Amino acid sequence: MKGQGLLKGLYITLKRAVGKDITIQYPEQMPYLQDRFRGCLHFDYTKCIVCGLCTKACPNNVLSYESRQVEGSKKKELVSYTIDLQYCLFCNLCVEACPTNTLYFTHDFELSRYQRDQIKIVYEIPKEEPSAVKVDLKGDAPEPDETKKEKQLAAMTAALQKNPQKTVRKMVENDEDAEILAGILLEDEQKLSRMAALMIADREKAKKVAVAFVNKEKKDRLKGGGAEDESK
Amino acid sequence: MEHFFLNIAHSLIVWLMGLGLSSKGADLVLLIVQWICIVAIVTINVIVLIWLERKVAGFMQQRLGPNRLGPAGMFQTIADAIKLLTKEDIIPSAADRIIFRTAPIFFIIIAVMLYVVLPMGDGMQIVDLNVGVFYFISVASLSTICLLMAGWGSNNKWSLLGAMRSVAQMISYEIPLAFSLLGVIMIAGSLSLSDIVAAQNNIWFIILQPVAFITFFIAATAELNRGPFDMPEAEQELTAGAYTEYTGMRWALFFLAEYTNLVAVSALASTMFLGGWHGPWLPSWIWIIIKTYLVMLIFMWMKWTFPRIRMDHLMSFSWKVLIPVTLANILVTGAGIQFLAGMGW
Ligand code: SF4
Ligand code: SF4
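Cut-off values and rules
Residues numbered from 1 in each chain as written. Chains lettered and ligands numbered in written order. Predicted model: local features only at pLDDT ≥ 70, side-chain atom pairs only at ≥ 80, totals over all residues. Heavy atoms only, no water. UniProt positions renumbered as here; feature names shortened; annotations may be inferred. Helix = DSSP H or I, 4+ residues; strand = E, 2+ residues; numbered from the N terminus. Contact = heavy atoms within 4.5 Å. Areas by Shrake-Rupley, 256 points an atom, 1.4 Å probe, with all protein chains shown as cover. Core = buried A, V, L, I, M, F, W, Y, C linked by side-chain atoms within 4.5 Å. Buried < 20%, exposed > 50% of the residue type's maximum accessible area, 1.4 Å probe, protein only. Domains from an automatic or database assignment. Near = heavy atom within 4 Å. Nonpolar A, V, L, I, M, F, W, Y, C, P; charged D, E, K, R; others polar. Pairing = 2+ DSSP bridges. Buried area = accessible area lost by both parts, 1.4 Å probe. Salt bridge = Lys/Arg side-chain N within 4 Å of Asp/Glu carboxyl O. Polar contact = N/O pair within 3.5 Å; in protein donor to acceptor, adjacent residues only side chain to side chain.

Chain B goes by NADH-quinone oxidoreductase subunit H in an unreviewed UniProt entry, where it is assigned to Syntrophomonas zehnderi OL-4. Checking UniProt for chain B, the heading Sequence similarities (unreviewed entry) contains the comment "Belongs to the complex I subunit 1 family." Listed under Subunit (unreviewed entry) in UniProt, the entry text for chain B is "NDH-1 is composed of 14 different subunits. Subunits NuoA, H, J, K, L, M, N constitute the membrane sector of the complex."

By the naming in an unreviewed UniProt entry, chain A is 4Fe-4S binding domain, taken from Syntrophomonas zehnderi OL-4.

Below, the structure written as structure tokens:
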């Protein structure tokens, strides 16, 4: 019959009007992001082996790094790593190229900045850090002249294991974050030892890493929460 | 409660006469007060309506509508009004200045003039003309001239196209609008709006004249330039039609007048078909508000559901469908009245 479509249209709009709205009230309410969502490119510098594959893979010269020869070895170590995010296509080629999963995309999509030079993300690697990490990660025997450091490290590790919350309290902003961080460290021994080394070597860097850990954990939790909401 | 406003008017007259004014003078003052009240009602209504329209549109599109400014976004319209008031007033250099400037003013004056005959409650009518319906229709059709003035005065092809369309559309839809009201007038036997309301004491005319109500509704939508018949504005085709060159307060006046017309036509619809101020329990003026808002919600519902129809379809729909249907309705109504009269009703 003629005019049926009109009634159908009216019925649909009425149904929509009384039904649930789909608006997400950003920024109070965060959108649910899929796992593969490509937000800010993140560089997890402790894992980088300075192979340069990422810079070769990038079609837009977004990535660059400075390196130096490790003394008495053929190996290179990182001095600084730069991601000039304004040229990034978020094409994922660098992430695929990296053999150690150093580069990955986070879910942080709020990339606008007030100043142009704030777009560039520069990771300055502290001097002692790579070797310290190497020690922890591979569990190599300590070198003789580093016994003092080793002692410090052991003490710090012990402190972290015994009373983590108090130990990391100064690294983060509030008690809640400290608790989260303590939880992470107790769960993962590798992270704990890395944190201990960092706290001795470079307080500032350690703080940054701590905050990064906490943020990642928070995000994971948020994601988990979001997924639950969705299923409801 | 029922005679709240009437009592106010009465005591005002008594007080003025007590001050030594003649009865004519007191009536004049009362008339001025009534005009001010109408303008206030119109403005408040428009503010509420714009908010309501945005909310309704939002809900129908699964959005929330305005919700940041004030409770449920209520102050959004006020903020918009302030913005419009402070905007720069631009008149195109090639425009016909006098016509360009007067068009919105006439438009709003005509819109407000419609309220003179509308009964807003039992006995709450400024002037009870014995040709009330006729007055309403003829004044409402005057707004075409203002749109033509706006389109011509802007000296812009989109404006002129929009204006021409509005003239063609309004003239075509004026006829079915009047015809659809004729059935009601025949039954009530009067052109006075208060008589028509009184005739609906027992049964509303929407039950006796369902076809007339539907045709009236369609023709009124076209008269109001509302979607899906918003050809004169047609923002996707003609930028903003006749309003293209208008800015700030002048543009706001057009907007104000459009919503004022919407309220007036909805009030007319509820007066002619929905029993006017008749209703149980509540005071009569609350009933007319409820009915008017219901009709306006249906107008909004239609606007946000249907896409705009094409110009030639619009014209042929009026001439080939609406006018024959309304004519047939008049014929059937007349025959029915004669038949029932013959039966001795
Ligand atoms: S995502 Fe693509 S453009 Fe961006 S840094 Fe990686 S390779 Fe370069
Ligand atoms: S590809 Fe990965 S490991 Fe190699 S230099 Fe780039 S980030 Fe470092």
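Participant: Sorry, what's going on with the overall build of chain A here?
Facilitator: When helices and strands are tallied, chain A shows 9 helices and 5 strands. Contacts in chain A between residues far apart in sequence, at least 24 positions, make up 68% of those at least 6 positions apart. As presented, chain A carries roughly 15,600 Å² of accessible surface, and 51% of it is formed by carbon and sulfur atoms.

Participant: Can you walk me through the nonpolar core in this structure?
Facilitator: Nonpolar side chains in soluble globular proteins tend to end up buried together. Of all hydrophobic cores here, the largest spans 80 residues; its most connected members are B:Leu181, B:Phe216, B:Met272 and B:Phe273. A per-element tally of this core places helix α11 (residues 248-272) of chain B first, with 12 residues. Residues lining this core come from more than one domain, with at least three contributed by each of domain 1 (1-67) and domain 2 (87-342) of chain B. With 43 residues, the next largest nonpolar core counts A:Cys58, A:Leu103, A:Val168 and A:Ala206 among its residues.

Participant: Whenever I open this one, the site of ligand 2 confuses me. Can you help?
Facilitator: The environment of ligand 2 is made up of A:Phe43, A:Cys48, A:Ile49, A:Val50, A:Cys51, A:Gly52, A:Leu53, A:Cys54, A:Cys98, A:Pro99, A:Thr100 and A:Thr102. Taken together, the residues of the shell around ligand 2 sort by class into 9 nonpolar, 3 polar and no charged.

Participant: Before we go on, may I ask you to explain the pairing of strand β2 (residues 63-69) of chain A in this structure?
Facilitator: Two faces make up the sheet, and in a regular strand the side chains alternate between them. All names here are of chain A. Relative to strand β3 (residues 76-84), β2 runs antiparallel, the two sharing 7 bridges. Within β3, the residue paired with Ser-64 across the bridge is Thr-82. Counting the residues in the hairpin turn of β2 and β3 gives 6 residues, including Gly-72, whose phi is positive at 70°.

Participant: I'm lost on the interface of chain A and chain B in this one. Help?
Facilitator: You'll often see interface size given as the accessible area lost when the parts meet. Residue-level contacts link 14 residues of chain A with 12 residues of chain B. Together chain A and chain B conceal approximately 1,300 Å² of surface at their shared face, both sides included; 59% is due to carbon and sulfur atoms. For B:Arg68, the salt bridge goes to A:Glu28, with nearest N and O atoms at 3.3 Å. At the surface where chain A touches chain B, the tally comes to 7 residue pairs in polar contact (both at pLDDT 80 or more). Of the residues assigned to the side of chain A that touches chain B, the class counts are 6 nonpolar, 4 polar and 4 charged.

Participant: Please clarify how the pattern of salt bridges should be interpreted in this entry.
Facilitator: Any two side chains of opposite charge can pair, on the condition that their charged atoms come close. A complete count under the given rule lists 7 salt bridges over all chains for this structure. The residue A:Glu77 makes a salt bridge to A:Arg68 at a minimum N-O spacing of 2.8 Å. By relative accessible area, which is 16% here, A:Glu77 ends up buried. The partner of B:Arg250 in a salt bridge is B:Asp89, and the shortest N-O contact between them spans 2.7 Å. In this pair, B:Arg250 sits in helix α11 while B:Asp89 sits in the loop between α3 (76-85) and α4 (97-113), placing the two residues 161 residues apart along the sequence. A residue is classified by how much of its surface remains accessible, and B:Arg250, at 16% relative accessible area, is buried. Overall, the relative accessible area of 43% leaves B:Asp89 in the partly exposed class.

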